[in-house]
Structure formats: structure tokens, C-alpha cells
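Analysis of the macromolecular model
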Amino acid sequence: MPTTRTPRLPSPLEHAARPLLQLAQNISGAESTFVTSINWDALRQTILFADNDGALDVVEGVTLDWQQSMCRSLQLSGVVQSSAIGVEVAATPWAVANGIQTFFAVPILVDGVVIGTVCGASQKTYVLEETQLEGIRLVAQALQRLLAVERDTADAYARAQAAELDAAEARHATKRHAVRSQQMERLAFTDALTGLPNRRAFMARWENELTRSACRDYSIGLILLDADHFKAVNDSEGHAKGDAVLRAIGATLLVVARAPDVVARLGGDEFAVLTTHTDSAYLEDMAQHIGTHFHGIAAELGVDTTLSLGLVSSDHCPREQMLSDADQALYRSKGAGGDASRIFLCNGSVAERARAWSSTVRSNRGVSK
């Protein structure tokens, strides 16, 4: 493995993680067990803690490219363990150099996002039984909870240790724990491809705005949108071009939205924009600008992709129904052939307000970044 080292200070997480790694080693019989964190933005994996019995030496603090990770090899093969490294699962240079025959990698999940792994490596060939794998999954769950506690208590822990450190060490520890907390939170709340908030982050903000707007009596608006013909782009031109389309949608929304608006990728090719202190006319104008702006980017990318949008405003609809109403408006835009926006009026009708953005450009009626 690469020898890039990350300096590390002892922490409560380390003290609790080491016995869990020893337990994983006892359960699995692997010569080395270790826990990693994964940075999906940088596609890097860091070995946080390791337990070695001497036959293998997995070095703590090492950061490696995700492309060189055995965890990635197992994920691409759709397995959590393999006793035929280099045969049924691709072997990394590190695995070849150390004669690794058996490897397992159990993910550490936070709200469905993989933020790390519990791994084991052995120069012996054997297969873990399901009861052994279940025990290692329980170790991963315990480590997930420890990581969450570490994130929430990082500042408090740094202050508690400040009395035993000189001023420089105390400042360094505080900074390090803050960075770790930010990294873990970013992994859990951010869409790695577009850099936008993910569904989890959006829903938290949405619930907050529902309550605030009702208490303070101001209007809110919601736009749900997705890409037309997106599957055809992936099928005919590859996922790299599909990813470029998704990034272009995110960039379009950031250009059109105001600073207070919330722009998020909900999953797949579905996006959302939450606005406050706006009316339905503003939403319609914003939808027009989104469609027009994206059409120009799609032409530059050389893809036949347009957008369908569903709009709803609390001026016309109950706040608790807005998500489902916007989704219904989006569904009707898609059903009518796409390249359109429709606004739900909450009187049983959905009105079409924009079509054919490729040939229609409306004036800017106050929509600004």
C-alpha cells in the first residue's frame, strides 16, 4: 500500500475501536483486521486503526487511492468476502505483494451512505461462515455508532484534553477533530457527484421550513424536476456523459436559484428547489429560466435531454401536501412528453405554464442568483 501517512492523536474512538478490531480478528481468524474511512469526494480511503498478529502489517494512518483498494475490488464483484483473491476478485498490488488469499470488507453505513469499512486480510485460504460475517457486521454497527459519537463530541473531547496538552497541541487537536466531523457530516449529507445536498439533507431543511413558514406566515414554493430521456443518454453514450448531464442540472439550478433557496439532488436524475417568500408567478418564472438555461448546456454537451418540472406554492396548497402535489405535477409534465413545467393549483387541476424551452425564452422577471 502507499506510504502517505496521516498524523493521528489518540481519541475515545480509538480506545473503543481497538477491542472491536481484536474481536473481529478472533471471529474471522484473519491475520490483520482494520477499520477505514472513505472520502467519496476525493476517492480516497484512509486506514484509521489496525490489529495485526505479526504475519501481516497493515499500517495505520495510510491513505490510498480508492482505485487501489481491495474494498473496491470486492464491491465491484458484488461480494463482501473472497477466498480467491486474484481469481474471482481482482487483486491490488498490495494484495499481490503480501500474498493475500482471503479478504473481507463489511461496510459501515450512516443513513444508507458507506462512510467506511471493517476489513480483514489473510494469507490463508478459507471461507467465513454466515455467523462469522454476522458477528463482523455487528462490529461494523458498533463502530458506526462510535463514529457518530466521535463526530458529536469532538469539540468537547478536545476541550477535556486541553489541560494535558500544551497550547499548540490543544489547537491542533481541536482542528483535527473539527475536520473529521466535517468530513463525516459531508459524506452523510452531500451528494458526491454534484456537491449538492442529498435527499436526507433536503428533507431536514424542508421540514424546518414547513414549520417556520407556518409559524411566521410566509409563503414557500417547491420545484421537483428530472431529466427527460436520461436513460437513453446512459445507454447510448455511457455513464460518464450521464454524470455530466446530472452535474449540468445541478449547475443550472445553482445559477438560477437565489442564495436563500435550497437546491438538492434527491437521487437518480431527480432534483428539488425550495424557495421562501415567493409566489407562484416567481416559481413559474424560475422554471422557465431553468429550462432555458439547461437547454443551452445540453446543446453544448450534445445530448437530446430536456427537463420536466412540477411546481407547487403554499399560496395555493396546504403545506403538508406540497411534496405529493409537486410530484403529481411533475408526473403530468413527464406524461405529456416532457420539456415542460406544470403547477399544481390544489383545486383538482394542474396547469401547464411552459413548453418548448428550446424555442421560447422569456424575460427575466426578477430571478437572480
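Residues numbered from 1 in each chain as written. Predicted model: local features only at pLDDT ≥ 70, side-chain atom pairs only at ≥ 80, totals over all residues. Heavy atoms only, no water.

This part is about the confidence of the model for the protein chain. Per-residue confidence for the protein chain gives a mean pLDDT of 84; residues scoring 70 or more make up 81%. Here residues 353-369 is a poorly scored stretch, pLDDT under 50, and it has 53 contacts once near neighbours within four places are set aside; other chains count. (pLDDT = per-residue confidence, 0-100. Contact = heavy atoms within 4.5 Å.)

Summarising the element assignment, T36 is placed in strand 1 (residues 32-39). Of note is the side chain of T36, whose polar atom sits 2.9 Å from the side chain of Q45. Of note is the side chain of T36, whose polar atom sits 2.6 Å from the side chain of T117. Residues in contact with T36, not counting those within four places in the same chain, are Q45, T46, I47, L48, I115, G116 and T117. (Helix = DSSP H or I, 4+ residues; strand = E, 2+ residues; numbered from the N terminus. Polar contact = N/O pair within 3.5 Å; in protein donor to acceptor, adjacent residues only side chain to side chain.)

With that settled, consider the packing of helix 8 (residues 239-256) against helix 9 (residues 280-301). Close contact between helix 8 and helix 9 brings their axes to 9 Å; oriented N to C, the two are set at 145°. Helix 8 and helix 9 meet at a crossing whose hand is right-handed. In this structure, helix 8 uses K241, A244, V245, A248, I249, T252, L253, V255 and V256 to contact helix 9, whose residues at the interface are M286, H289, I290, H293, F294, I297 and L301. Considered class by class, the residues forming the contact of helix 8 with helix 9 number twelve nonpolar, three polar and one charged. (Axes fitted to C-alpha atoms, helices over the stretch in contact; angles between N-to-C directions. Left-handed = near helix turned anticlockwise from the far one by under 90°. Nonpolar A, V, L, I, M, F, W, Y, C, P; charged D, E, K, R; others polar.)

The biggest cluster of nonpolar side chains holds 29 residues, and the ones touching the most others in it are I223, L225, I249, L253, I290, L307 and L309. Elements with a contribution of two residues or more to this core: strand 7 (220-227), helix 7 (230-237), helix 8, strand 9 (270-276), helix 9 and strand 10 (307-313). With eight residues, helix 9 is the largest single contributor of residues to this core. Residues V35, I108, I136 and L143 belong to the second largest nonpolar core, which totals 23 residues. (Core = buried A, V, L, I, M, F, W, Y, C linked by side-chain atoms within 4.5 Å. Buried < 20%, exposed > 50% of the residue type's maximum accessible area, 1.4 Å probe, protein only.)

Backbone geometry at L43 places phi at a positive 55°, although glycine is not the residue there. For L43, the location among the structural elements is in the loop between strand 1 and strand 2 (44-52). The class of L43 is partly exposed, set by a relative accessible area of 40%. One non-glycine residue, D217, adopts positive backbone phi at about 60°. For D217, the location among the structural elements is in the loop between helix 6 (199-216) and strand 7. Classification of D217 as exposed rests on a relative accessible area of 67%.

Take L196: it is sitting in the loop between helix 5 (167-189) and helix 6. The spacing of L196 and V262 is 66 residues in sequence and 9.3 Å in space, taken between C-alpha atoms. Not counting the four nearest positions on each side in its chain, L196 is found in contact with F189, T190, D191, G250, L254, V263, A264, R265 and F271.

Considered for burial, the residues of helix 2 (residues 70-77) that qualify are M70, C71, S73 and L74. For helix 2, the arc enclosing every buried residue in end-on projection is 160°, short of the 170-degree limit, so these residues lie on one face. On its buried side, helix 2 packs onto strand 2, strand 4 (81-82), helix 3 (93-97), strand 5 (102-110) and strand 6 (113-122). Here helix 2 starts with a cap whose side-chain oxygen sits 3.0 Å from the backbone nitrogen of C71, and that cap is S69. Just downstream of helix 2 lies G78, where phi reads positive at about 75°. (Arc of directions from axis to C-beta.)

We now examine the pairing of strand 1. Where burial is concerned, most of strand 1 is hidden: seven out of the eight residues are buried. Sheet topology note: the strand 1/strand 2 ladder contains eight bridges and is antiparallel. Looking across to strand 2, one finds that T33 is bridged to D51. In this structure, strand 1 lies alongside strand 6, joined through six bridges in antiparallel fashion. Within the sheet, the bridge partner assigned to S32 lies in strand 6 and is A121. (Pairing = 2+ DSSP bridges.)

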